[in-house]
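Chain by chain, the residues run as shown.
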Amino acid sequence: MWKVNVKDLIKERRKVVEGIYAPEFIELHTGTYKVLHGGFKVKMVLTYADNKILLGGYARGYVERPCDRCLKLSEMYIDGIIEAVYTFEKKPLSKNEELKDLANEILLTGDIIDLEERIVEGIISSAPDVFVCSPDCKGLCPYCGADLNEEPNHTCKAMEEEQVDPRFAKLLKIKHTQEG
């Protein structure tokens, strides 16, 4: 489903590929997560022009991920952008030119383009590093781990006791001495 024949694309000049990309799990840079709602809706347009194949599109869907504040499993929406340029020949570049060249062209070596790599790349690059279940999530108590969303007026003994880093204990003693 995610493979395109290069010769057919050159004849047609333009091809639209749509479908559902439905792995059970997907590995992002923050972990491996379960894919929800049947997968990612994918739409890509491939265009042949100037001896290159241009690819643009999107992959949209949900994964189940724990909130970074309260650790509850929640749905995270990913709106992945898919972009690539395939070329039939790549000009050799010196090391300095290579660093300056941001064309990000993929050299075609066969008659088939496998689009699955581009789909996964688009999803991974669009996934956020930090995810919260809601903008007003209060997270967990740093002392006892209680969920502050469920207990908004939470207090615990550890919170009430004055927590002093032992390295600053002498400074605190001096402060109390000066205060009387």
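Definitions and limits used
Residues numbered from 1 in each chain as written. Predicted model: local features only at pLDDT ≥ 70, side-chain atom pairs only at ≥ 80, totals over all residues. Heavy atoms only, no water. Phe/Tyr/Trp six-rings, centres within 6.5 Å; stacked < 30°, edge-to-face > 60°. Helix = DSSP H or I, 4+ residues; strand = E, 2+ residues; numbered from the N terminus. Buried < 20%, exposed > 50% of the residue type's maximum accessible area, 1.4 Å probe, protein only. Salt bridge = Lys/Arg side-chain N within 4 Å of Asp/Glu carboxyl O. Contact = heavy atoms within 4.5 Å. Arc of directions from axis to C-beta.

Caption draft 1: Fine view of the packing of aromatic side chains. Using the criterion set out here, one finds three aromatic pairs in the structure. For the ring pair Tyr 62 and Tyr 77, a centre distance of 5.1 Å and an interplane angle of 55° mean the geometry is tilted. Pair noted here: Tyr 62 is in strand 5 (residues 52–66) and Tyr 77 is in strand 6 (residues 73–87), with a separation of 15 residues, a long-range link. Under the relative-accessibility criterion, Tyr 62 is labelled partly exposed at 31%.

Caption draft 2: Summary view of the pattern of salt bridges. Evaluation of the coordinates by the stated rule reveals nine salt bridges. The partner of Arg 65 in a salt bridge is Asp 68, with the nearest N and O atoms 3.2 Å apart. With relative accessibility at 40%, the residue Asp 68 sits in the partly exposed group. One salt bridge in this structure joins Lys 72 and Asp 147, with 3.3 Å as the shortest N-O distance. Of the two residues, Lys 72 is situated in the loop between strand 5 and strand 6 and Asp 147 in the loop between helix 3 (116–126) and helix 4 (157–160); the sequence distance between them amounts to 75 residues. Where salt bridges share partners, they join Lys 72, Asp 147 and Glu 150 into one cluster.

Caption draft 3: Expanded view of the side chain of Arg 65. Looking at the element boundaries, Arg 65 is found in strand 5. Sequence-distant contacts of Arg 65, that is, excluding residues within four places in its chain, are made with Thr 30, Tyr 33, Lys 72, Leu 73, Ser 74, Met 76, Pro 128, Asp 129, Val 130 and Phe 131.

Caption draft 4: Structural detail: the environment of Val 120. Its location among the elements puts Val 120 in helix 3. C-alpha separation for the pair Val 120 and Leu 28, spaced 92 residues apart in sequence, amounts to 9.1 Å.

Caption draft 5: Looking closely at helix 3. All buried positions along helix 3 are accounted for by Arg 118, Ile 119, Gly 122 and Ile 123. Along the axis of helix 3, the buried positions cluster into a sector of 135°, meaning they face one direction only. Helix 3 presents Glu 117 and Ser 125 as exposed residues on the side facing more than 90 degrees away from its buried surface. Elements in contact with the buried residues of helix 3: strand 2 (14–21), strand 3 (25–28), strand 4 (31–49), strand 5, strand 6 and strand 7 (105–107).

Caption draft 6: The arrangement of unusual backbone geometry in detail. A positive phi is found at Asn 51, a non-glycine position, where the angle reads about 60°. Counting through the fold element by element, Asn 51 comes out in the loop between strand 4 and strand 5. Even without being a glycine, Leu 71 presents a positive backbone phi close to 70°. The residue Leu 71 is located in the loop between strand 5 and strand 6 in this model. Residue classification places Leu 71 among the exposed residues on the basis of a relative accessible area of 56%.

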